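Structural description and commentary
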Protein chains: 2
Amino acid sequence: MEIRTPYLLFLGDARDQLAAKTAYGVRVWRPDWCVGQRRLAECNADCGIPDMTIKEAQAAGVKTVILGVANRGGVIPKNWTSELVDAVNRGMDVASGLHTKITEIPELVDAANMNDRLLLDVRHPTRNFDVADGVKRNGKRLLTVGTDVSVGKMFTSLAIEREMHQRGMNASFRATGQTGIFIASAGVSIDAVVADFISGAVEWLTPENDADHWDVVEGQGSLFNVSYAGVTLGLIHGAQPDALVVCHEAGRPHMRSMPHFPVIDIPTCIEANLEAARLTNPDVRCIGASINTSSLTEQDGRDFCKRIGAETGLPTVDPLRDGVAAIVDNL
Amino acid sequence: MEIRTPYLLFLGDARDQLAAKTAYGVRVWRPDWCVGQRRLAECNADCGIPDMTIKEAQAAGVKTVILGVANRGGVIPKNWTSELVDAVNRGMDVASGLHTKITEIPELVDAANMNDRLLLDVRHPTRNFDVADGVKRNGKRLLTVGTDVSVGKMFTSLAIEREMHQRGMNASFRATGQTGIFIASAGVSIDAVVADFISGAVEWLTPENDADHWDVVEGQGSLFNVSYAGVTLGLIHGAQPDALVVCHEAGRPHMRSMPHFPVIDIPTCIEANLEAARLTNPDVRCIGASINTSSLTEQDGRDFCKRIGAETGLPTVDPLRDGVAAIVDNL
């Protein structure tokens, strides 16, 4: 899945800012690629970049229209379709993060075929993968893991890639989810791969590389989230990580959407992830903890990080407040 | 995936007995359902049951033709297709364990539509599943796990179901792979489910049940096989097992097809599986070890089981030689 840049962020008639959070993530992490946004009547989201029509986007050199919004009821409205058809007729690709497949909209498919343009459903892998073989590859890999879903694994991975680049290190963010794929302009939506090929897909995504090159691999799920732990384990085995960074949200009352599951403590989480990772890389180490403390006051957040740092012996940061330099220092 | 019984085992032109091992497994475990076999010219396999034409199978009351063979090069030969079309025209369903989908053979699909018959590709789940919620369900569940793939998990599960039935216990074998699905006449090919839904599919497969009912769940892969461990972990979490039985092949030199991975020792394997299973069932216990000792002499096999029994403190049997009564005794 390779996406051509730069992008027009298509917000459609997103009902609020949250509905456009994928687009907003792309805007935050890849401002240079986001030349404009397209908002229809009744759109209540704003990525803070110039509004453009499809025609203006064409003039601005946009290569791909990004559907980075949640749509209502899984149906793509007619007025979206006509805009997207117009974009394809004007020579742009369309990449969608919706569950609903744009590759199943007949008039859009016809337009794409006629104009030889790509329609990319980034949630739905189209290529086939081999099963993993676990053979050691050259190059270094860092993987973010977590106590649960939605604890900042993508954010932390991107912050680490940025920090590495600022230090002149050779590093690539490797995306495993839809927002990450738009940000990396490539990747595999790993939770949508057929179960047999989870770790094989990750081996493909993080191939052999130069000895000093770091893949910074976006984690998914958690070994302690019963819905997604299989995905997480395959991701760990396929990535063969040299370094893990554990992510957590301070103050989460229980596993997301599951009041019957308590959140695991961080030291136990680290040890379980290291144990799993040793199967394909016996030398793996956990090099830091990344905590989303946004639910706490600043002082409580700092105290929380300090306590986790003491418990784990690891550099512990809120990546938004502190940056991740302390973690990269510990590589 | 529900398959109507009884069956005609379609062996086609299987080049040797190994190519028909799926059919043979069905014959061994469900002799009452297998009323005949259909062998074409050049077939070198034999399930030891009466040869029948499609017409004779119809007269014998066959409900489903089972394709339980490996086909050459992934292509279904023309002479197979005409036989299968004939079966459908005579009112039978067709269930296939091939990678190649029979639901993509146009003339067979036409015949099935015309006659309102089912074509079942058991390797390819067709229904959608929810993500797992990990909520505790009534009923008891036993899951086979293993040091590697192909160490006897299906055989052990079926032997345990049979032993339970002989004792008058309320038990159901739950199939997670193609051969098992033919044997159970239902099930989910769990390694072909989309990664996000592994554990959710297993929750669906092993639903709430009577307090004294045992689901005997066929395990897949191994936590220590890097190709498939994600599937295994999702299976463990979804099954919420009360009891694990660990399976192993004595004398295996290394992980199957992976000379660079040694086979894990049994006590470590047990502990890792228990640790994973505790997430959805804190009371899980390992109740026995099942060893395929066919590569050893009988005396060496007995010594091997004795040694593992001493190391683990568990009833340890070769299920083919000893049966599994000792394991069921330990429930």
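The rules behind each value
Residues numbered from 1 in each chain as written. Chains lettered and ligands numbered in written order. Predicted model: local features only at pLDDT ≥ 70, side-chain atom pairs only at ≥ 80, totals over all residues. Heavy atoms only, no water. Contact = heavy atoms within 4.5 Å. Buried area = accessible area lost by both parts, 1.4 Å probe. Salt bridge = Lys/Arg side-chain N within 4 Å of Asp/Glu carboxyl O. Polar contact = N/O pair within 3.5 Å; in protein donor to acceptor, adjacent residues only side chain to side chain. Helix = DSSP H or I, 4+ residues; strand = E, 2+ residues; numbered from the N terminus. Nonpolar A, V, L, I, M, F, W, Y, C, P; charged D, E, K, R; others polar. Least-squares fit on C-alpha atoms with pLDDT ≥ 70 in both. Domains from an automatic or database assignment. Axes fitted to C-alpha atoms, helices over the stretch in contact; angles between N-to-C directions. Parallel < 35°, antiparallel > 145°, perpendicular 65-115°, else oblique. Left-handed = near helix turned anticlockwise from the far one by under 90°. Buried < 20%, exposed > 50% of the residue type's maximum accessible area, 1.4 Å probe, protein only. Pairing = 2+ DSSP bridges. Right-handed = clockwise from strand over helix to strand, strands pointing away. pLDDT = per-residue confidence, 0-100.

Counting residues at the interface gives 31 residues for chain A, matched by 31 residues for chain B. Carbon and sulfur atoms supply 62% of the area that chain A and chain B bury against each other, a total of about 2,300 Å² over both sides. It is D196, V226 and L279 of chain A in chain A that bury the most area against chain B; as a group they hold 23% of the surface buried on that side. On the surface where chain A and chain B come into contact, there are 0 salt bridges. Viewed at the interface, chain B and chain A are joined by 12 residue pairs in polar contact (both at pLDDT 80 or more). For the side of chain A that touches chain B, the secondary-structure elements that each account for two or more residues are α7 (198-205) and α8 (229-239) of chain A. Examining the composition of the side of chain A that touches chain B, we find that 6 residues originate from one element, α8 of chain A, more than from any other. In the side of chain A that touches chain B, the residues fall into 19 nonpolar, 9 polar and 3 charged.

Quick look at unusual backbone geometry now. Residues and elements named next belong to chain A. Across the junction of T5 and P6, the peptide omega takes the value 0 degrees, indicating a cis bond. Relative to the helices and strands, P6 is located in the segment before β1 (7-12). Unusually for a residue other than glycine, Q240 sits at a positive phi of about 50 degrees. Position of Q240 among the secondary structure elements: in the loop between α8 and β9 (243-249).

The next point concerns the relation of the copies chain A and chain B. In the superposition of chain A on chain B (RMSD 0.0 Å, axial shift 0.0 Å), the rotation amounts to 180 degrees. Taken together, the turn and the small shift mark the pair as related by a two-fold rotation axis.

A few words now on the domain arrangement of chain A. All names here are of chain A. Splitting chain A by domain gives domain 1 (7-121) and domain 2 (140-329). Every contact between the two is made by 14 residues of domain 1 and, on the other side, 11 residues of domain 2. When residues of domain 1 are sorted by the area they lose upon contact with domain 2, T22, W29 and R30 head the list and together hold 57% of the total. Put simply, domain 1 and domain 2 have 1 salt bridge between them. Taking the shortest distance from any N to any O, the salt bridge between R30 and E161 comes out at 3.2 Å.

On to the environment of V216 of chain B, then. All names here are of chain B. Following the sequence through the fold, V216 ends up in strand β8 (residues 213-217). A sequence separation of 43 residues divides V216 from F173, and the C-alpha atoms of the two residues are 4.6 Å apart. Each residue touching V216, except ones within four places of it in the same chain, is listed here: L142, S157, I160, E161, M164, S172, F173 and R174.

Right, let's get into the pattern of salt bridges. Inspection of the entire model under this criterion finds 40 salt bridges over all chains. Across the pair R307 of chain A and E311 of chain A runs a salt bridge, and its minimum N-O distance is 3.0 Å. With R307 of chain A and E311 of chain A both in helix α10 (residues 298-312), this residue pair falls 4 residues apart, about one helical turn. In this structure, the salt-bridge partner of E275 of chain B is R278 of chain B, at a minimum N-O distance of 3.0 Å. Residues joined by salt bridges that share partners form a network here, namely E298, R302, R321 and D322 of chain A.

Moving on to the packing of helix α8 (residues 229-239) of chain B against helix α9 (residues 266-277) of chain B. Residue and element names in this part refer to chain B. One way to put it is that α8 packs onto α9 with a least axis distance of 9 Å and a crossing angle of 55 degrees. Taken together, the axes of α8 and α9 lie oblique to each other. With respect to the hand of their crossing, α8 and α9 are arranged in right-handed fashion. Contact with α8, carried on its side by L233, I236 and H237, involves N273, A276 and A277 of α9 and no other residues of that element. Here the residues of the contact of α8 with α9 sort into 4 nonpolar, 2 polar and no charged.

Before going further, it helps to spend a moment on the side chain of E161 of chain B. All names here are of chain B. Among the structural elements, E161 can be located in helix α5 (residues 153-166). Here E161 falls in the buried class, since its relative accessible area comes to 8%. Engagement of the side chain of E161 in a polar contact is seen with the backbone nitrogen of F173, the distance being 3.0 Å. Leave out the neighbours within four places in its chain, and E161 touches R30, A171, S172, F173 and V216.

Residue and element names in this part refer to chain B. The parallel open sheet is built from 6 strands, whose spatial order is β7-β8-β6-β9-β10-β11. Bordering the open sheet on either side are β7 (170-174) and β11 (316-317), each of which pairs with just one other strand. Across 7 bridges, the pairing between strand β9 (residues 243-249) and strand β10 (residues 285-292) is parallel. Its bridge partner lying in β10, V245 is registered against G288.

Residues and elements named next belong to chain B. In terms of burial, β10 is a largely internal element, 6 of the 8 residues being buried. Assessed by its sense of winding, the connection that carries the chain from β9 through α9 to β10 is right-handed. For β10 and β11, the ladder comprises 2 bridges, and the chain directions are parallel. Considered in β11, the bridge of A289 is made with T316.

Strands belonging to one sheet form pairs held by backbone hydrogen bonds; the direction of such a pair is parallel or antiparallel. All names here are of chain A. Spatial strand order, β7-β8-β6-β9-β10-β11: 6 strands in an open sheet with parallel pairing. Each end of this open sheet is capped by a strand with a single partner; those strands are β7 (170-174) and β11 (316-317). Where β7 lies against strand β8 (residues 213-217), 5 bridges are found, and the strand directions are parallel. Its bridge partner being in β8, S172 is matched across the sheet by D215. The sheet strands contacting helix α5 (residues 153-166) are β6 (140-146), β7, β8, β9 and β10 (285-292), and the helix crosses β7 at an angle near 160 degrees.

A few words now on the confidence of the model for chain A. For chain A, per-residue confidence averages 96 on the pLDDT scale, and residues scoring 70 or more make up 100% of the total. Predicted as a complex, the structure gets a pTM of 0.94 and an ipTM equal to 0.92.

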